[in-house]
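Read off the chains here:
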There are 2 protein chains.
Amino acid sequence: MVTASICTIGDELLIGQVVDTNSSMIAVQLNKIGVKVNSMVTCGDNSKDMLNYIEQCLKTTDVVLVTGGLGPTKDDITKNILGKLSGSKKDVRNKEQYDIIEKILTARGVQMLEINKLQACVPETCTVIPNKVGTAPIMQFSFPKSKYGRKNLLFSMPGVPFETERALPDIIASIKEHYQLDDIFHKTICTAGIPESALAMKIEKWEDALPENLHLAYLPDPIMGVRLRLSIYGTTQKEGEEELKKYSASLSEILGDAIFSFDDEAPYEVLGKILLKKRATISTAESCTGGFLAHLITSVPGASRYFYGSVISYDNSIKMGILGVGKKILDTYGAVSEQCVREMAEGVKKKLKTSYSIATSGIAGPGGGTKEKPLGTLWIAVSGPNGTVTTTKTFKNTRAVNIKRFASSALDFFRLCMQRELI
Amino acid sequence: MVTASICTIGDELLIGQVVDTNSSMIAVQLNKIGVKVNSMVTCGDNSKDMLNYIEQCLKTTDVVLVTGGLGPTKDDITKNILGKLSGSKKDVRNKEQYDIIEKILTARGVQMLEINKLQACVPETCTVIPNKVGTAPIMQFSFPKSKYGRKNLLFSMPGVPFETERALPDIIASIKEHYQLDDIFHKTICTAGIPESALAMKIEKWEDALPENLHLAYLPDPIMGVRLRLSIYGTTQKEGEEELKKYSASLSEILGDAIFSFDDEAPYEVLGKILLKKRATISTAESCTGGFLAHLITSVPGASRYFYGSVISYDNSIKMGILGVGKKILDTYGAVSEQCVREMAEGVKKKLKTSYSIATSGIAGPGGGTKEKPLGTLWIAVSGPNGTVTTTKTFKNTRAVNIKRFASSALDFFRLCMQRELI
């Protein structure tokens, strides 16, 4: 199996100012094409450490991906180090990147300075992959087996996550060209409502019976649910896809409608699809989720085609005044109750004139809650032309995570009720 | 200067399933006490790589912090490796951790199995720092100078971020005990409304004139603004605090009310403080921010004391029907206009009966916008007993980042108008 290591460079990472998201982004892409990441290293902008770590990566893995340290200022020294490592005698200007730099600076209304021009100059030993969205070029170096004991490929790319992301497809293509990779195909099955450990128990037998060339990964997330990624190695595309389909189908038999997508989609994207298909509209009435549910729905471009709006009724006066929840309901059952979310959902649907609605009320914490309604309690109601359905759940997380899980559960409950034609 | 390295262990990191947030969290804490992080390494759950990397860390830095690989299952091998490294002949049971494990499992209603009991067993060579929030104990190992060329301290802690976070204060205290650290004091000054590069230019002279023992770090974030962290070394606490105060004051003269806090606070925390002090209430009317503004406000525990609610009027029918925006305003100026946000802010304040209100309308993208109202345009209105004030800004980010910046700008505009007594 072809192996890789990822080397991120920058003092801002070492002081904890910036969380390194590049490494996992790169790892996901490498993993997809069947390249195994053996290690990730972060070091500062000093030549001794960089040389040390990069050489170690070259000795232990086939592909080395370096991000960062490519800025125009003198504290960015990656290019020099890589020039030295690869035995470059001089830098040469790359015309394509030079033109891009000129274009970017012109668009910004900034004059091209000497330091900007220098960014287009690279060690003669490298092949340039032009960086279309930034000034620093992506550099590719090859090392023969005689140098570090293996046929190495090293890529150096900018550390700005957006630029790294845009550079990856070209780098992945180049890795595919240079190495004989095992074919690998994936399918992501998105589940909701079952915690990771319970899910693992539920599908244990199915998982144990998977053939050797089929690998399963659990990807849990408070908003996205638990995604199951099935990967198959060593088959043709046609065969691989058929196998993945077969195993997805048998998984579907076990998990039923806990599966909300066989494509890699977020629950709020699925909601959008359902509504667009029905040419229907939706509104939300939120208490404990405080706007986060509406935020998830509106994070999808074009959500305005089906999302009309929301009433966030943090204070009970809003629940009564705008959503029309009865004072008696609040006095008798409280805001965190089936009766209250039901009236919230029906109230917002009527008031905002939408086909469907979702309402949430709960106790996000910290603190609060009683024996009957413990901290982490959530009530959800979903309403549509065929009526209103409610459910309750309890979570045991921090306030921030509870809010995420509350919103995600509400989205999934809506999806379920639509699928089962309950509303 | 005492140096450190951070070693995170886990296959889930190498396949990119999980973003490593532990390293930066640990780095921030070490940095605060004047310990310099030289490198961060991630490797998988295999003994050869782990031994290799941990020994390298011990050779090159004084303190080594290892997270992960401490679970009860057999693929978690950190404890064995560290036992071997430190020359432990046998494992011993730590009573304190054993009792904690028992308590945690009982609370979960789970029976204590042999593998759970084993978690309380640690190499005889280590000192245990009890993990009060999880089953795996924190282990501290000391290595004499004769072993790796320096007086080493190694800490092993669980990889679950919540448990890592809770373990850090004890670890930091132990490091302070074992090493003669330079005294270091910090002050974080929170700014809003000025991009990082413009801010750097604005305070360039001030920054250049800082004495050698004062260090400045820029911490930019779409929601938090640009925080400036001033750190002073080699003084007494009294002297240090006085110096930090002096330089904060001179910075304040340059930046004026672009500074929203001299404590390390988020803009939505500042909003809460302002309102609590005034015993006032607030509501929001959101279009482009789609609930994210309300989400930020309600992410603060106890926000219900001042936040009444929000009307998210994604569709113009809601702007007219609930917020009372005139049809003529929408027809003449459009939803993304000064006139519209003004009516939104006044409408929501009246409807939700709050002392203050904030309204947003803009074009988050992707796509959309005209020459007059380009993609990224935001209109904000804030309203209070003394009237309504509006402003406009333009951002050039992705939809997700635009939404964050929109909400953060609205919070800051409210803070500014309150400070200047404009509303």
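**Quick notes on the interface of chain A and chain B**
Next, step 1: Facing 57 residues of chain A, the contacting portion of chain B comprises 57 residues.
Next, step 2: Here chain A and chain B share an interface that buries about 4,400 Å² over both sides, 59% of which is from carbon and sulfur atoms.
Next, step 3: The largest per-residue losses of area from chain A upon contact with chain B belong to L14, M40 and Y314 of chain A, which jointly make up 13% of the total buried on that side.
Next, step 4: The tally of links between chain A and chain B comes to zero salt bridges.
Next, step 5: A class-by-class count of the residues in the side of chain A that touches chain B yields 30 nonpolar, 21 polar and six charged.

**Re the nonpolar core**
Next, step 1: L271, I358, V382 and F414 of chain A together with L271, I358 and F414 of chain B are the most contacted members of the largest nonpolar core, which has 75 residues in total.
Next, step 2: Not counting residues up to four positions away in its chain, the partners in contact with V382 of chain A are S357, I358, G387, T388, V389, F413, F414, C417 and I423 of chain A.
Next, step 3: If you look at the next biggest cluster of nonpolar residues, it comprises 50 residues, including C57 and L82 of chain A together with I9 and C43 of chain B.

**What about the relation of the copies chain A and chain B?**
Next, step 1: For the match of chain A to chain B, the screw axis carries a shift of 0.1 Å, the RMSD comes to 0.2 Å, and the turn is 180 degrees. In the structure described here, the two chain copies are related by an operation that fits a two-fold rotation axis.
Next, step 2: When the interface residues of chain A are mapped onto chain B, 100% of them are again interface residues, pointing to one common binding face.

**Observations regarding the sheet that holds strand β11 (residues 225–233) of chain B**
Whether parallel or antiparallel, the strands of a sheet pair through hydrogen bonds between backbone atoms.
Residue and element names in this part refer to chain B.
Next, step 1: Pairing within the open sheet is antiparallel, and its four strands lie in the order β10-β11-β9-β12. Pairing within the sheet leaves two strands with one partner each, and these edge strands are β10 (214–221) and β12 (259–261). Between one strand and the next, the sheet's axes are offset by a mean angle of 35 degrees, whatever the strand orientation.
Next, step 2: Two strands pair when backbone bridges link them, and strand β9 (residues 184–191) and β12 are joined in this way by two bridges, in the antiparallel orientation. Residue pairing in the sheet places T191 in a bridge with I259 of β12.

**Things to note about the packing of aromatic side chains**
Next, step 1: Per the stated rule, a full pass over the model turns up eight aromatic pairs over all chains.
Next, step 2: Measuring from centroid to centroid gives 5.8 Å for Y356 of chain A and F414 of chain A, while their planes differ by 80 degrees, and the two rings are edge-to-face. One end of the pair, Y356 of chain A, is in strand β15 (residues 356–362); the other, F414 of chain A, is in helix α17 (residues 399–419), and 58 residues separate them in sequence.
Next, step 3: Given a relative accessible area of 1%, F414 of chain A falls into the buried group.
Next, step 4: Considering the side-chain rings of F395 of chain B and F406 of chain B, the 5.9 Å spacing of their centres and the 55 degrees angle between planes classify their relative orientation as tilted. Residue F395 of chain B is located in the loop between β17 (387–394) and α17 (399–419), and its partner F406 of chain B is located in helix α17; the two are separated by 11 residues in the primary sequence.
Next, step 5: Exposure remark for F406 of chain B: the relative accessible area of 0% places this residue in the buried category.
Next, step 6: Lying over the aromatic face of Y179 of chain A, K151 of chain A brings its terminal NZ or CZ to 5.4 Å of the ring centre.

**Considering the state of the cysteines**
Next, step 1: For the structure on display, the rule yields zero disulfides over all chains.
Next, step 2: Left unpaired, C7 of chain B is separated from the closest cysteine sulfur, that of C43 of chain B, by 4.7 Å.

**With respect to the pairing of β9 of chain B**
All names here are of chain B.
Next, step 1: Counting buried residues along β9, six of its eight residues qualify, which places the element largely inside the surrounding structure.
Next, step 2: Note that β9 and β11 share eight bridges and pair antiparallel. Following the sheet pairing, H186 is matched in β11 by S231.

**Here's the deal with the packing of helix α12 (residues 267–278) of chain A against α17 of chain A**
Residues and elements named next belong to chain A.
Next, step 1: Running from amino to carboxyl end, α12 crosses α17 at an angle of 35 degrees, the nearest separation of the two axes being 9 Å. The handedness of the crossing between α12 and α17 is left-handed. Listed contacts from α17 to P267, Y268, V270, L271, I274, L275 and K278 of α12 are S408, L411, F414, R415 and M418.

**Comments concerning the domain arrangement of chain A**
Next, step 1: Here chain A is described as being made up of domain 1 (3–178), domain 2 (184–261) and domain 3 (267–419).
Next, step 2: The distance between the C-alpha centroids of domain 1 of chain A and domain 2 of chain A comes to 35 Å.

**Some thoughts on the pairing of strand β10 (residues 214–221) of chain A**
Residues and elements named next belong to chain A.
Next, step 1: By the bridge criterion, eight bridges tie β10 to strand β11 (residues 225–233) in an arrangement that is antiparallel. By the bridge assignment, L214 is partnered in β11 with I232.
Next, step 2: Taking the residues that link successive antiparallel strands as the turn, the β10-β11 hairpin has three residues.

**Quick look at a positive patch on the surface**
Next, step 1: On the surface, a cluster of positive charge is made up of K350, K351 and K353 of chain A together with K350, K351 and K353 of chain B.
Next, step 2: Its place among the elements puts K353 of chain A in the loop between α16 (338–352) and β15.
Next, step 3: Classification of K353 of chain A by relative accessible area gives exposed; the value is 68%.

**A short note on the sheet that holds strand β6 (residues 127–129) of chain A**
Next, step 1: Taken in spatial order, the 12 strands make up an open sheet running β6(A)-β7(A)-β8(A)-β3(A)-β1(A)-β2(A)-β2(B)-β1(B)-β3(B)-β8(B)-β7(B)-β6(B), and their pairing is mixed. The open sheet has two edge strands with one neighbour each: β6 of chain A together with β6 (127–129) of chain B. Here the average twist between neighbouring strands, direction ignored, is 20 degrees.
Next, step 2: The sheet contact formed by strand β1 (residues 3–9) of chain A and strand β3 (residues 63–67) of chain A spans five bridges and is parallel. Across the sheet, C7 of chain A pairs through a bridge with V66 of chain A, a residue of β3 of chain A.
Next, step 3: In this fold helix α4 (residues 78–85) of chain B packs onto β1 (3–9), β3 (63–67), β7 (138–143) and β8 (152–157) of chain B, with an angle of close to 20 degrees to the strand it touches most, β7 of chain B.
Next, step 4: The strands that helix α8 (residues 161–178) of chain B touches are β3, β6, β7 and β8 of chain B; relative to β8 of chain B, the one it contacts most, it runs at about 170 degrees.

**What about the environment of L210 of chain A?**
Residue and element names in this part refer to chain A.
Next, step 1: With respect to the helices, strands and loops of the structure, L210 is situated in the loop between α10 (204–208) and β10.
Next, step 2: In this structure, the C-alpha to C-alpha distance between L210 and Y247, residues 37 residues apart in sequence, is 8.3 Å.
Next, step 3: Look past the residues within four positions of L210 in its chain and what remains in contact with it is L216, L230 and Y247.

**Comments concerning unusual backbone geometry**
Next, step 1: In this structure, the amide linkage connecting G365 of chain A to the following residue, P366 of chain A, adopts the cis form with an omega of -5 degrees.
Next, step 2: With respect to the helices, strands and loops of the structure, P366 of chain A is situated in the loop between β15 and β16 (377–384).
Next, step 3: Its identity as a non-glycine residue notwithstanding, K353 of chain B has a phi of 55 degrees, on the positive side.

Here is what the cut-offs are and how they apply
Residues numbered from 1 in each chain as written. Chains lettered and ligands numbered in written order. Predicted model: local features only at pLDDT ≥ 70, side-chain atom pairs only at ≥ 80, totals over all residues. Heavy atoms only, no water. Contact = heavy atoms within 4.5 Å. Buried area = accessible area lost by both parts, 1.4 Å probe. Salt bridge = Lys/Arg side-chain N within 4 Å of Asp/Glu carboxyl O. Nonpolar A, V, L, I, M, F, W, Y, C, P; charged D, E, K, R; others polar. Core = buried A, V, L, I, M, F, W, Y, C linked by side-chain atoms within 4.5 Å. Buried < 20%, exposed > 50% of the residue type's maximum accessible area, 1.4 Å probe, protein only. Least-squares fit on C-alpha atoms with pLDDT ≥ 70 in both. Pairing = 2+ DSSP bridges. Helix = DSSP H or I, 4+ residues; strand = E, 2+ residues; numbered from the N terminus. Axes fitted to C-alpha atoms, helices over the stretch in contact; angles between N-to-C directions. Phe/Tyr/Trp six-rings, centres within 6.5 Å; stacked < 30°, edge-to-face > 60°. Lys NZ or Arg CZ within 6 Å of the ring centre and 35° of its normal. Disulfide = S-S within 2.5 Å. Left-handed = near helix turned anticlockwise from the far one by under 90°. Domains from an automatic or database assignment. Patch = residues over 30% accessible without salt bridge, like charges linked within 9 Å, V, L, I, M, F, W, Y side chains within 5 Å. Areas by Shrake-Rupley, 256 points an atom, 1.4 Å probe, with all protein chains shown as cover. Lys, Arg positive; Asp, Glu negative; His and termini not counted. Charge placed at Lys NZ, Arg CZ, Asp CG, Glu CD.

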